[in-house]
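# What the coordinates show
Spelled out, the chains give:
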Amino acid sequence: MIEIYDLIKKLYPICRSLTGNGNRETLNIIKNIIPINIKEEPSGKNIYDWTVPKEWNIKDAYIKNKKGEKIINFKKHNLHIVNYSLPINKYISFKELKKNLYYLKDKPNWIPYITSYYKETWGFCLSYNDYIKMEEYGDDEEYQVFIDSTLQNGSLTYADLIIRGQTNKEILISTYICHPSMCNDNLSGLCLTTYLAKYLLENKNYYTYRFIFVPETIGSIIYIHNNFDILKKNVIGGYVITHVGDQGEFTYLKTRNENTIIDKITIFILDEMKQKYKIRNFLTCGSDERQYNFPGIDLNIGSIMKTKYTEFAEYHTSGDDLNFISKIALEESLNIYKKCIFLIENNKKYKMNILCEPFLSKYNLISDISGQSYTKHKNGYGIIKKLVYYLDGNNDIIDISKKIDEKYIDIIDNINLLIKNNIII
Ligand code: ZN
């Protein structure tokens, strides 16, 4: 999907965090595509067991060697800074400096992604290869460390978009905006969600769709807190969208309650696609589904991913870059979400409006010519004949598809014909 990939490329250089101007810039770019409502929650406000953090902003950061060369430079890659680092400007020995350096010995080419949201500190992240080069100069070598950041009372920025349907019942779709320059996690989710919302804006929908763009964890907690009553009343289920850009197999993370309508629909669609896929239990959750499914919240939120977070080497490193994701994978992910939504919209239970078999010729639903059919599909007549036995108000489209072994898309088409002819309600 060229549009999604282009949006990822545009947002990639921006330094995002829990709070700050990078998040506002990101949401304002998204606002040019879909009409989201951008909101601010003030620092210090108590939300359930949490407090809205101070706002963090950063302009520049580097480590300079004795020759005055910037050997680590935030402007080259924003993962070089521990996210939420305090300001600093001083000369220190390598012996002192290395206490605040983070690297991955087993992934020597990549910069790790490190945050310190709730403990005030500072630090730099670098590849192990770069660390070794510094180590060669010894413990007494002096460096200038410079971080031009601010951490002060401000606000936390988030956004939502409600697309009204025929019913007030809602499908909730949430993604997180807090990760800096990494693509699968989570520019893929953020940008796919944007274009999924655009697609639904252009459609007439049965359900109301609530799209949520928040910094992970604290953002979803704030969102639930501020909208608790309406969410509890209207949401029937939904998804957290993340990790949808790599070329791995699909992975479905189930809701906490497991056998919800979202689980049923998603697993059915995955089976129907006849590709290999992975299922993960809720116990392996790690994103905002933790909050949305929490006891007492129970919004029944699953997550369709490509390769799940923590299950690939590039996870939370600079290796998760623009080359790690692909346009084809993004398109596949968008398509599966569209398919699931199509089935959510249509997976209803119907009941016959008449007793005993309908006289199909009367409705032009069967041809007089043997072997022909007036329905769109070759075996449309066959489908209707089988279908009517299960239109008793107890079976949804998925149940019927399994019982009569026909594709859900064909069943929906034929059901629409029966509705048009007032044969079912
Ligand atoms: Zn992450």
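Read on for an overview of the structure. (Residues numbered from 1 in each chain as written. Predicted model: local features only at pLDDT ≥ 70, side-chain atom pairs only at ≥ 80, totals over all residues. Heavy atoms only, no water.)

Okay, the overall build of the chain next. Broken down by element type, the chain carries 12 helices and 16 strands. Burial analysis of the chain (425 residues in total) assigns 56% to the buried set. Pairs at least 24 residues apart make up 79% of the contacts formed inside the chain by residues separated by at least 6 positions. Entry remark: accessible area of the chain is about 19,200 Å², with carbon and sulfur atoms responsible for 48%. (Helix = DSSP H or I, 4+ residues; strand = E, 2+ residues; numbered from the N terminus. Buried < 20%, exposed > 50% of the residue type's maximum accessible area, 1.4 Å probe, protein only. Contact = heavy atoms within 4.5 Å. Areas by Shrake-Rupley, 256 points an atom, 1.4 Å probe, with all protein chains shown as cover.)

Looking at chain direction, strand S14 (residues 250–253) and strand S15 (residues 277–280) are connected through 4 bridges and run parallel. Counted as the bridge partner of Tyr-252 is Ile-279 from S15. As a crossover connection, the stretch from S14 through helix H7 (residues 261–272) into S15 is right-handed. (Pairing = 2+ DSSP bridges. Right-handed = clockwise from strand over helix to strand, strands pointing away.)

This brings us to the coordination of the zinc ion. Four donors placed tetrahedrally about a metal ideally form angles of 109.5 degrees, and six donors placed octahedrally ideally form angles of 90 or 180 degrees. Every protein donor of the zinc ion is accounted for by His-179 (NE2), Asp-185 (OD) and His-316 (NE2), and the metal-donor separations fall at 2.1 Å. Here the donor residues of the zinc ion are spaced in sequence according to H-x5-D-x130-H. Placement of Asp-185 in helix H5 (residues 183–201) and of His-316 in the loop between strand S16 (301–305) and helix H9 (327–346) is noted, with a sequence separation of 131 residues between them. (Donors = N, O, S within 2.8 Å, 3.2 Å for Na, K, Ca; no water.)

Moving on to the pattern of salt bridges. As enumerated under the stated definition, the model contains 20 salt bridges in all. When the shortest N-O distance is used, the salt bridge between Arg-24 and Glu-40 registers 2.9 Å. Linking Arg-24 in helix H2 (residues 21–31) with Glu-40 in strand S1 (residues 37–42), this pair joins segments that are 16 residues apart in sequence. What makes Glu-40 partly exposed here is its relative accessible area of 37%. Close ionic contact of Asp-298 with Arg-256 constitutes a salt bridge, the shortest N to O distance being 2.6 Å. In this pair, Asp-298 is assigned in the loop between helix H8 (289–292) and S16 and Arg-256 in the loop between S14 and H7, connecting sequence segments 42 residues apart. The network of salt bridges with shared partners includes Arg-24, Glu-40 and Glu-55. (Salt bridge = Lys/Arg side-chain N within 4 Å of Asp/Glu carboxyl O.)

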